[in-house]
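What follows is the residue order along each chain.
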Amino acid sequence: MSEPLAIAAAIAAAYLLGSLPFGYLAGRARGVDIRTVGSRNVGATNVFRTLGKPIGIAVMAADIAKGVLAVVLARWITDDPWPLVAAGAAVVGHVYPLWLRFRGGKGVAVGCGVAIGLMPLAVLVLVPVWVVVIVATRYVSLGSIVAAAALTPTVWAFGYEWPTVAFAALISVAVIGRHHANIRRLLRREELRIDLGRRRRDGNPGAGAGPV
């Protein structure tokens, strides 16, 4: 395979992998169009809330896996810096999936997947941060925003090369930008919380997660 063809194949494969709508498919398997319930988002958080924790966790794992696979495949068939471009294509595919008329998720899980493939040390730091924020506040959106904001400085602190730092910055901006509506709701204290299986002090169960 010639180098230009290999590069094109890596980018196209990454986009198609990113486009795999696991949240939508999980809903269809249960007779539900996930785009019409809850936040109407096909991401794992809406699946978690509307179809249950096991399915939501499975969808999140699948979305992470497709990001990792996109990077691994790109590294197998081409050289730097093209795996970075392929990683971006996977995120674009998730946010704008071909199969769902370009209306997808917000890129958090697949972004985590490509980060595992490209900058695993940063992920080891940021996943606990994401979890702590969610457990402390029960806002998945806030956890995602905080982790995205911390991604670039964390990647820089670990000494990754500048193309990887630049890519991390693009991912940070994209993820935070996709959460603009969540940010407005957080500022107005209108964002819904995720149910972690515990009750609030007022005795009422936590509300479902906001769209993430």
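Residues numbered from 1 in each chain as written. Predicted model: local features only at pLDDT ≥ 70, side-chain atom pairs only at ≥ 80, totals over all residues. Heavy atoms only, no water.

Novice: Tell me about the pattern of salt bridges, residues and numbers included.
Specialist: This model, assessed by the stated rule, comprises four salt bridges. The salt bridge partner of D63 is K66, with a shortest N-O separation of 3.3 Å. Placement of the pair is D63 and K66 together in helix α4 (residues 53–77), with a separation of three residues, close to one helical turn. Both residues of the pair, D63 and K66, count as buried. Its salt-bridge partner being R188, residue E190 comes within 2.9 Å of it at the nearest N-O pair. (Salt bridge = Lys/Arg side-chain N within 4 Å of Asp/Glu carboxyl O. Helix = DSSP H or I, 4+ residues; strand = E, 2+ residues; numbered from the N terminus. Buried < 20%, exposed > 50% of the residue type's maximum accessible area, 1.4 Å probe, protein only.)

Novice: For the environment of T154, give the residues involved together with the corresponding values.
Specialist: Tracing the backbone shows T154 in helix α8 (residues 140–157). Exposure remark for T154: the relative accessible area of 13% places this residue in the buried category. Spatially, the C-alpha atoms of T154 and V123 are 9.0 Å apart, while their sequence positions differ by 31 residues. Setting aside its immediate chain neighbours within four residues, T154 contacts A122, V125 and L126. (Contact = heavy atoms within 4.5 Å.)

Novice: Go over the environment of L73 with me, naming the residues and quoting the values.
Specialist: Structurally, the position occupied by L73 is in helix α4. Between the C-alpha atoms of L73 and I171, which are 98 residues apart in sequence, the distance is 20 Å. Every residue in contact with L73, bar those within four places of it in the chain, is listed here: A13 and L17.

Novice: Can you explain the packing of aromatic side chains? Please cite residues and give values.
Specialist: All chains considered together, the criterion is met by zero aromatic pairs. Cation over ring: R178 sits above Y96, and NZ or CZ is 5.8 Å from the ring centre. (Phe/Tyr/Trp six-rings, centres within 6.5 Å; stacked < 30°, edge-to-face > 60°. Lys NZ or Arg CZ within 6 Å of the ring centre and 35° of its normal.)

Novice: Go over a nonpolar patch on the surface with me, naming the residues and quoting the values.
Specialist: Together, L16, L20, V92, Y96, L98, W99 and F102 make up a nonpolar patch on the protein surface, roughly 640 Å² of accessible area in all. Along the polypeptide, F102 turns up in the loop between α5 (82–95) and α6 (108–118). According to the relative accessible area criterion, F102 is partly exposed, its value standing at 44%. (Patch = residues over 30% accessible without salt bridge, like charges linked within 9 Å, V, L, I, M, F, W, Y side chains within 5 Å. Areas by Shrake-Rupley, 256 points an atom, 1.4 Å probe, with all protein chains shown as cover.)

Novice: Go over the side chain of T78 with me, naming the residues and quoting the values.
Specialist: Tracing the chain through its elements places T78 in the loop between α4 and α5. For T78, a relative accessible area of 7% gives the class buried. Those residues in contact with T78 that lie beyond four places of it in its chain are I7, A10 and P83.

Novice: Please give an account of the nonpolar core that cites residues and values.
Specialist: By size, the foremost hydrophobic cluster in this structure holds 31 residues, and its most contacted members are V114, L118, M119, L151, V155 and F167. The residues contacting L118, other than those within four sequence positions of it, are V71, R75, L84, A87, Y160 and F167. By size, the runner-up hydrophobic cluster in this structure holds nine residues, among which are Y24, A26, V42 and A44. (Core = buried A, V, L, I, M, F, W, Y, C linked by side-chain atoms within 4.5 Å.)

Novice: Tell me what's going on with helix α7 (residues 120–137), and back it up with residues and numbers.
Specialist: Given 3.6 residues per helical turn, the α-helix brings residues three or four places apart onto the same face. The end-to-end C-alpha distance of α7, which contains 18 residues, comes to 26 Å, matching closely the 26 Å that a straight helix rising 1.5 Å per residue would cover. Among the residues of α7, those classed as buried are A122, V123, L126, V133 and I134. Those residues of α7 that are buried lie in contact with α6 and α8. Just beyond α7, the residue with positive phi is R138, at close to 60°. (Expected span 1.5 Å × (residues − 1).)

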